[in-house]
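Single-letter residue listing:
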Amino acid sequence: MAITLGPSAHVDTFARDNLPPADEWPVFLLDGFDYPERLNAGVELTDAMVEKGFGDRTALIGNGRRRTYKELSDWTNRLAHALVDDLGVKPGNRVLIRSANNPAMVACWLAATKAGAVVVNTMPMLRTGELTKIVAKGEITHALCDTRLMDEIVACAKQSPFLETVVGFDGTSNHDAELDRLALEKPVRFDAVPTGADDVALLGFTSGTTGAPKATAHFHRDILIIADGYAKEVLGVTERDVFVGSPPLAFTFGLGGLAVFPLRFGAAATLLEQASPPKMIEIIEKYKATVCFTAPTAYRAMLAAMEQGADLSSLRAAVSAGETLPAPVYEEWMAKTGKPLLDGIGATEMLHIFISNRFDDHRPGCTGRPVTGYEAKIVSEDGADARDGEVGRLAVRGPTGCRYLSDERQRDYVQNGWNLTGDSFWRDADGYFHFAARSDDIIVSAGYNIAGPEVEAALLSHENVAECAVVGVPDEARGHIVEAHVVLRRGAVASPEMAKLLQNHVKAEIAPYKYPRSIKFVTELPKTQTGKIQRFRLKQETTV
């Protein structure tokens, strides 16, 4: 397969040099996504928005203040000057950003992008060992870090042969750190690097739990594609929208939903460093937020808050991803708000959501149909197309796709031009896709294939269950059995009788062989910073 990349402005060619071989790329379907050969995503989301007349509109809300598009444009241009003039960032250099969700992190990302850098956004919870692996994989030369989080990255720099420059910025509203001071007297105009549409702009490190880190290379055009595709078609974003959400900007789900989407259309993004459900509810009420990105567990908390009088009526779009959306949560949200929860699935490798429900086309317990520009199918283990109704591996292709940076696992993720996401799905006769499980979350018990999320949905439909997670645990007789970890609602009492009650409820809701033979009552479930339940930790606990 011949791949011709457009012109590059990168002086440091590491990122392009380490893209996968041409015959390992997925097929890219770019019809309808036309951009000039020279394209800088940082410019498109700031300076270009000012030129379009959005200068006085609010772009970012955070740390108790609003910033307009003009202020954001000026701020990022000053920072870009500091990166180039004082810190020696060259086009193509990898720049790591370490911060919680705040306006300064967005500004640093946009500034580095304008300077032609390849940005790696990372979460505050990462420790020195994890950062060291990321720095080594991307041969990262520069790091911009919130001064409240310096210790781990400084320790990383001391032992890294690559990381030469670590500079602190102030993630609060004070702007009193080294990078801020360097930028203070810089001009508000910056001649952004004329990067190519096919230049790597972002390395998205996957949030996998084991093994060496995988970094997916995304181009400048990819960053705009997710806005001009999903955000435009599914969400219908306008300048009147106000975004709120919990996913970290370090993950592409958060970067898209809380930075790229609002900034592409002149909308406003509210950013929370601690995006707990109560904090998000407070922001929604205060700023009349219209679009929310979070996980199903947070929507359950919001439903409970509405019972107590919380006013979330300003929300016109509630997007659920990162974790399968149980039908009971969808149905309760519909009943309370009259609006659908928009379930969807995305992946770091694909950059953002590629299958989704729509406002006018949605079903409970269903992930929806491919976003415009994408194609999806179900394949069996041998790669043959599966029949409708048959559970198999989800394969997708479209305008974005997986390009692992120098990684043999590219051949596993991309096969025959299709991206294999690691999810088990089935498609119904009407062309709607239904999530079964992560491919490694299918529980094989006494010869039966049981999808954990289906059992979870059955449990969640019981009035006494607040949260639950289902895993397979080894069993001598059956190979594995279904084990449910259950958080009860307030007032419900954990007991053998309660366990029996829930088991009988599941038998009545779905095929009886799928019921959890073991139920453990817990006070909370282990979760990632994005709200995903960490089932692997539950599995580890059962094998220790």
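What you see is a predicted model; the values in this text were computed from it and never measured.

Student: So what about the sheet that holds strand E23 (residues 465-475)? Which residues, and what values?
Tutor: In space, the 3 strands of this open sheet follow the order E23-E24-E25, with mixed pairing throughout. This sheet does not close on itself; its edge strands, each paired only once, are E23 and strand E25 (518-521). On average, each strand axis in the sheet is inclined to that of its neighbour by 25°, with strand direction left out of account. Bridge count between E23 and strand E24 (residues 479-488): 10 bridges; the pairing is antiparallel. Residue pairing across strands places Pro-474 opposite His-480, the latter belonging to E24. Strands E23 and E24 of the sheet are contacted by helix H15 (residues 452-460), whose axis makes an angle of about 145° with E23.

Student: Please give an account of the packing of helix H12 (residues 296-307) against helix H13 (residues 327-337) that cites residues and values.
Tutor: Relative to each other, H12 and H13 sit at 35°, their axes nearing to 10 Å. The way H12 lies across H13 gives a crossing that is left-handed. Residue-level contacts link Pro-296, Tyr-299, Arg-300, Met-302, Leu-303, Met-306 and Glu-307 of H12 to Val-329, Glu-332, Trp-333, Lys-336 and Thr-337 of H13. Residues that form the contact of H12 with H13 fall into these classes: 7 nonpolar, 1 polar and 4 charged.

Student: Got a sec to walk through the layout of surface pockets? Specific residues and values, please.
Tutor: A volume near 730 Å³ is recorded for the second largest pocket. Taken together, 34 residues form the lining of the second largest pocket, with Trp-426, Phe-435, Ala-436, Ala-451 and Glu-454 sitting closest to its centre. If you list the elements that add at least two residues to the lining of the second largest pocket, you get H13, strand E17 (392-397), strand E19 (418-427), strand E20 (433-438), strand E22 (448-451) and H15. With 4 residues, the top contributor of residues to the lining of the second largest pocket is H15. The class makeup of the residues in the lining of the second largest pocket is 17 nonpolar, 10 polar and 7 charged.

Calculation notes
- Residues numbered from 1 in each chain as written.
- Predicted model: local features only at pLDDT ≥ 70, side-chain atom pairs only at ≥ 80, totals over all residues.
- Heavy atoms only, no water.
- Pairing = 2+ DSSP bridges.
- Helix = DSSP H or I, 4+ residues; strand = E, 2+ residues; numbered from the N terminus.
- Axes fitted to C-alpha atoms, helices over the stretch in contact; angles between N-to-C directions.
- Contact = heavy atoms within 4.5 Å.
- Left-handed = near helix turned anticlockwise from the far one by under 90°.
- Nonpolar A, V, L, I, M, F, W, Y, C, P; charged D, E, K, R; others polar.
- 1 Å grid on protein atoms, 1.4 Å probe; cavity = no way out; pocket = protein on both sides within 12 Å on 5 of 7 lines; lining within 4 Å.
- Points joined across faces, edges and corners; volume = space filled by probe spheres on them.

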